[in-house]
Amino acid sequence: MARILGIDTSCDDTSIAVVDGGTTILSNIVASQVEVHHRYGGVVPELACRKHIEAIGPVYQAALEEAGVTMADIDAIAVTRNPGLIGALLVGLSFAKALAYATHTPLFPVNHLEGHICSAFLEVPDLACPFVCLVVSGGHTDLYYCEAPGTYRLLGETRDDAAGEAFDKVSKLLGLGYPGGPMIDRLAREGKPTAVRFPRAYLEKDSLDFSFSGIKTSVLHYVRQHAPTQVADVAASFQQAVVDVLVDKTLAAARYCAASRVVVTGGVAANSQLRREMRTACAAAGLQLVIPHPRLCTDNGAMIAAAAHWRWLGDPTGLDEAALLGIDAASDDQLADGSLIAWPNQRT
Ligand code: KG4
Ligand code: ZN
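In this report, the structure presented in the accompanying data block is examined. (Residues numbered from 1 in each chain as written. Chains lettered and ligands numbered in written order. Predicted model: local features only at pLDDT ≥ 70, side-chain atom pairs only at ≥ 80, totals over all residues. Heavy atoms only, no water.)

This brings us to the state of the cysteines. Tallying each qualifying case throughout the model produces zero disulfides. The cysteine Cys-11 is free of any disulfide, with Cys-49 supplying the nearest cysteine sulfur at 11 Å. (Disulfide = S-S within 2.5 Å.)

Structure follows, in structure tokens:
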């Protein structure tokens, strides 16, 4: 069992955690940049980089302190390598490389999406594979079949915007600001989800892909044609349309794979209506559902440590010195080790 320091700087949160055995969180510090990006209505990559540089030292100190450990107690360092904002990724990766080199601690680069998937093991340590996993975040809306830690088959993905991106864009056009997901989640509680029937993009029969750019355009047209609008009703109706598709496709994926377990994670999995409706639907279908605590669904270092743990079990040495010095941030979308495989007969 390893004690792993996990680092994530993929977007607008600087996070470092200490995790024992891939499942027990000793600390999980998150420095949010919401205040910085709020006034621009979205994440400004250049500012995100600078804020990561300022925050990473103090966040690292806080993570060790809260866990009550020093680097001498850490068996390995895990860091998000990709995907994400390239400059933001570079800050975490450079920090992790220097720390690994200086303290002779093995380094494990981690794919951010694998981190989201592995957040399930932080919530339910004895969760068994296989399971179907919906990763629904600001950059991705993917369905995976997780056969075992490290073996993820892609079942479906968004063909355009991610669900979180749709939340953020709709929030902006409704004048609610950034970050959009939590704003819409809150306001939707005061609105009528049946007020406006926004389109649900199910795509071709049996497709497990997603599309969220159309709904964003529909909201824009609706708002232009119906000014002044009941913003809470529009927010609730938009959210209902997104949640309907996410729930239906996730259950379809579980049926398709004959899976008995479902995991839902990523920033949008913090959405209260999605959590509620996913619970109801999975219970009705007799599926075990794991939705990690909202703090574990949004970006955090603990999930990165969790994703590195099973690799450490396989080989605890991490990168050798040449690889350690040579490794760089990469913006490609593939899960590590080419383990992202298109599911056969994915589209009919
Ligand atoms: O996973 P995450 O923290 O970062 C990425 O990897 O993208 O996800 C961020 C996304 C943002 O689009 C944000 O608006 C959305 O998650 N989000 C939510 C909620 N909380 C965060 N969307 C809907 N409802 C929420 N409560
Ligand atoms: Zn994320």
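Past the structure itself, the notes keep going.
Let us now look at unusual backbone geometry. Cis geometry marks the peptide bond from Asn-82 to Pro-83; its omega dihedral reads -15 degrees. By the element assignment, Pro-83 lies in the loop between strand S4 (76-82) and helix H3 (86-103). The omega angle of the peptide bond from Tyr-178 to Pro-179 is 0 degrees, so this bond is cis rather than trans. Turning to its location among the elements, Pro-179 is positioned in the loop between helix H5 (163-173) and helix H6 (180-188). One non-glycine residue, Leu-203, lies in the positive phi region at around 60 degrees. In this structure Leu-203 comes out as partly exposed when scored by relative accessible area, which is 33%. Positioned with a positive phi, Ala-258 is a non-glycine residue whose angle comes to about 50 degrees. (Helix = DSSP H or I, 4+ residues; strand = E, 2+ residues; numbered from the N terminus. Buried < 20%, exposed > 50% of the residue type's maximum accessible area, 1.4 Å probe, protein only.)

Below, the discussion takes up the coordination of the zinc ion (ligand 2). Binding of the zinc ion (ligand 2) to the protein goes through His-112 (NE2), His-116 (NE2) and Asp-299 (OD), at separations of 2.0 to 2.1 Å. All donor residues of the zinc ion (ligand 2) come from one chain, and their arrangement in sequence is H-x3-H-x182-D. Note that His-116 is positioned in helix H4 (residues 112-123) and Asp-299 in the loop between helix H10 (294-297) and helix H11 (301-314), a separation of 183 residues in sequence. (Donors = N, O, S within 2.8 Å, 3.2 Å for Na, K, Ca; no water.)

Time to look at the pairing of strand S2 (residues 13-20). Counting buried residues along S2, eight of its eight residues qualify, which places the element largely inside the surrounding structure. Because side chains alternate across S2, one face comprises the buried residues Asp-13, Ser-15, Ala-17 and Val-19, and the other comprises Thr-14, Ile-16, Val-18 and Asp-20, equally buried. Here strand S1 (residues 3-8) hands over to S2 after four residues, the two strands then running antiparallel side by side. Of the strand pairs in this sheet, S2 and strand S3 (residues 24-32) are connected by eight bridges, and their pairing is antiparallel. (Pairing = 2+ DSSP bridges.)

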